[in-house]
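Listed below are the residues making up each chain.
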Amino acid sequence: MHRLREILRRVLPEAEEIVACTMPGFTIDGTVVASYAAFSRQCGLYLRPHALTEHAEEIAAAGLKATKTGITFTPRKPIPDDLVERLVRTSRQGVEG
């Protein structure tokens, strides 16, 4: 989770770090662009829906499960760093900042 946070901070330098609904995340002009959480059996990265739709094939190719708003993963099988970067950049699209 620390590594994920560092990637998000690097990709979203203009974003404000927040905690909403007990999840840490990053917001730009009041819009949550990315958030993340750790649960007992899995972790999640949550993004704006268009980012997941646009990268659905890459997510599936990485062997990860996605919903409309997030991707679940485990510490043993994290989301590849380059995919996290692409997802977050896409999630940020259309948000002022």
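Above this text is the structure in question.
Residues numbered from 1 in each chain as written. Predicted model: local features only at pLDDT ≥ 70, side-chain atom pairs only at ≥ 80, totals over all residues. Heavy atoms only, no water.

1. A look at the overall build of the protein chain
Note the cut-off: Helical segments are the DSSP runs of H or I of at least four residues, strand segments are the runs of E of at least two, and each set is numbered from the N terminus. We compute the radius of gyration from the C-alpha atoms alone; for a globule the expected value is 2.2 Å times N to the 0.38, where N is the number of residues. Burial classes follow relative accessibility: with a 1.4 Å probe on protein chains only, a residue under 20% of its type's maximum area counts as buried, one over 50% as exposed, and anything between as partly exposed. Residue contacts are defined here by distance: any two heavy atoms, one from each residue, within 4.5 Å place the two residues in contact. For the accessible areas, the method is Shrake-Rupley and the probe is 1.4 Å, while residue cover comes only from the protein chains on display. Here the positive residues are Lys and Arg and the negative ones are Asp and Glu; neither His nor the chain ends is included. Throughout, a charge is located at the NZ atom of Lys, the CZ atom of Arg, the CG atom of Asp or the CD atom of Glu.
When you go through the protein chain residue by residue, the secondary structure sums to four helices and six strands. Seen in sequence order, the protein chain has helices and strands lined up from the N terminus as α-β-β-β-β-α-α-β-β-α. Taking 97 residues into account, the globule formula puts the C-alpha radius of gyration at 13 Å, and the protein chain, at 12 Å, falls close to it. Along the longest, intermediate and shortest principal axes, the C-alpha atoms of the protein chain span 35 × 25 × 20 Å. The buried share of the protein chain, taken over its 97 residues, is 36%. A sequence separation of at least 24 residues applies to 49% of the contacts in the protein chain between residues at least 6 apart. Carbon together with sulfur atoms contributes 52% to the accessible area of the protein chain, which is approximately 5900 Å² in total. Side chains of the protein chain give 13 positive and 12 negative charges; the mean places of these two sets differ by 9 Å.

2. Let's talk about the layout of surface pockets
The condition is simple: A pocket here means an open set of points on a 1 Å grid, computed over the protein atoms alone, that has protein on both sides within 12 Å along at least five of seven lines. A cavity is instead a set of points where a 1.4 Å probe fits but cannot get out; residues with an atom within 4 Å of a point line either one. Grid points are joined across faces, edges and corners, and a volume is the space filled by probe spheres set on the points. In this classification, the charged set is Asp, Glu, Lys and Arg, the nonpolar set is Ala, Val, Leu, Ile, Met, Phe, Trp, Tyr, Cys and Pro, and all remaining amino acids, among them Gly, are polar.
There is about 170 Å³ of room inside the largest pocket. Those elements giving two or more residues to the lining of the largest pocket turn out to be helix 1 (2–11) and helix 4 (81–92). When residues of the lining of the largest pocket are assigned to their parent elements, the largest contribution, three residues, is made by helix 1. The residue inventory of the lining of the largest pocket, partitioned by class, reads nine nonpolar, one polar and two charged.

3. Some remarks on unusual backbone geometry
Look at Cys21: it is not a glycine, yet its phi comes out positive at around 55 degrees. With respect to the secondary-structure elements, Cys21 resides in the loop between strand 1 (16–20) and strand 2 (23–28). Of note, the phi angle at Thr22 is positive, near 65 degrees, even though the residue is not glycine. Structurally, Thr22 is set in the loop between strand 1 and strand 2.

4. Topic: helix 1
Inclusion rule: Within this analysis, the arc is defined by the directions that extend from the helix axis to the C-beta atoms.
Looking only at helix 1, the buried set comprises Leu4, Ile7, Leu8 and Val11. One side of helix 1 carries all its buried residues, which in axial view fall inside an arc of 100 degrees. Among the exposed residues of helix 1, those pointing more than 90 degrees away from its buried face are His2 and Arg10. Buried residues in helix 1 make contact with strand 2, strand 3 (31–38), strand 4 (43–47), strand 6 (70–73) and helix 4.

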